[in-house]
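Survey of secondary and tertiary structure
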Amino acid sequence: MISEELKLLASDRAVEKVFAHADFGSRENRNVIKFALLKVASGYANGYTAQCIIERLGLCENDKELTINGKEYLWLSFENGYS
């Protein structure tokens, strides 16, 4: 279950909109976001589509830096046991 705090940072509608033409197979959209943010925070690169998604959600900027909302989303996604 997605916490309300995560939904405030990236609403279901916003997530649905940015994933409209993306296909990550069986991976859930919010898992794609979670691990894309983790990669940025760890200094690794994402694929183009995943990077565009987190930037369009306002969670990352300049390919290398999480926004305050991005840091909060990443923390909450792991703190709440969301996998």
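Scroll up to find the structure this text is about.
What this report covers is the structure whose coordinates are included nearby. Remember, it's a predicted structure, so these values are computed and weren't measured experimentally. (Residues numbered from 1 in each chain as written. Predicted model: local features only at pLDDT ≥ 70, side-chain atom pairs only at ≥ 80, totals over all residues. Heavy atoms only, no water.)

Overview of the side chain of Asn 46
Let me state the cut-off plainly: Runs of E in the DSSP output that reach at least two residues are strands. Runs of H or I that reach at least four are helices, and both are numbered from the N terminus. Throughout, exposure labels follow a simple rule: accessible area from a 1.4 Å probe, protein chains only, divided by the maximum for the residue type, with under 20% read as buried, over 50% as exposed, and the rest as partly exposed. We call two N or O atoms a polar contact when they sit within 3.5 Å, provided that within protein one can donate a hydrogen and the other can accept it, with sequence-adjacent residues counted only if both atoms are side-chain atoms. Pairs of residues are marked as contacts when any of their non-hydrogen atoms sit within 4.5 Å.
Of note, Asn 46 is situated in the loop between helix 3 (29-42) and helix 4 (48-56). What makes Asn 46 buried here is its relative accessible area of 17%. At 3.1 Å, the side chain of Asn 46 and the backbone oxygen of Ala 36 are in polar contact. Among the polar contacts listed, one links the side chain of Asn 46 to the side chain of Gln 51, at a separation of 3.0 Å. Other than its neighbours up to four places away in sequence, Asn 46 contacts Phe 35, Ala 36, Lys 39, Val 40, Gln 51 and Ile 54.

Points about a negative patch on the surface
Convention followed: Note that patches include only residues with greater than 30% relative accessible area and no salt bridge, and the join distances are 9 Å for like charges and 5 Å for nonpolar side chains (Val, Leu, Ile, Met, Phe, Trp, Tyr). We get accessible surface area from the Shrake-Rupley algorithm with a probe of 1.4 Å; when it comes to residues, only the shown protein chains can shield them. Should a side-chain nitrogen of Lys or Arg be within 4 Å of a carboxyl oxygen of Asp or Glu, the pair is scored as a salt bridge. Residues scored as charged are limited to Lys and Arg (positive) and Asp and Glu (negative), so that His and the chain ends carry no count. The location of each charge is read from NZ of Lys, CZ of Arg, CG of Asp or CD of Glu.
Side chains of Glu 55, Glu 61, Asp 63 and Glu 65 sit close together on the surface and give a patch of like negative charge. Among the secondary structure elements, Glu 61 is positioned in strand 1 (residues 60-61).

Focus: the packing of helix 3 against helix 4
Heads up, the rule is: Note on method: axes are straight lines fitted to C-alpha atoms, helices fitted across the in-contact stretch only, with angles between N-to-C directions ranging 0 to 180 degrees. Roughly parallel means an angle under 35 degrees; roughly antiparallel, over 145; roughly perpendicular, 65 to 115; everything else is oblique.
Packing of helix 3 against helix 4 leaves a shortest axis separation of 10 Å and a crossing angle of 95°. If you check the angle between helix 3 and helix 4, you find them roughly perpendicular. Within the contact between the two elements, helix 3 uses Val 32, Ile 33, Ala 36, Leu 37 and Val 40 and helix 4 uses Ala 50, Gln 51, Ile 53 and Ile 54.

Considerations on the environment of Asn 62
Within the secondary structure layout, Asn 62 lies in the loop between strand 1 and strand 2 (65-66). Judged by relative accessible area, which is 61%, Asn 62 ranks as exposed. For Asn 62 and Glu 28, which are 34 residues apart along the polypeptide, the C-alpha to C-alpha distance reads 25 Å.

Section: the pattern of salt bridges
As enumerated under the stated definition, the model contains 2 salt bridges in all. In this structure, Lys 7 engages Asp 12 in a salt bridge whose closest nitrogen and oxygen atoms are separated by 3.7 Å. Accessibility expressed as a relative area gives 26% for Lys 7, which makes it partly exposed. For Asp 12, the salt bridge goes to Arg 30, with nearest N and O atoms at 2.9 Å. Within this pair, whereas Asp 12 is found in helix 2 (residues 12-18), its partner Arg 30 is found in helix 3, the two being separated by 18 residues in sequence. Here the salt bridges do not stand alone but share partners, grouping Lys 7, Asp 12 and Arg 30 into one network.

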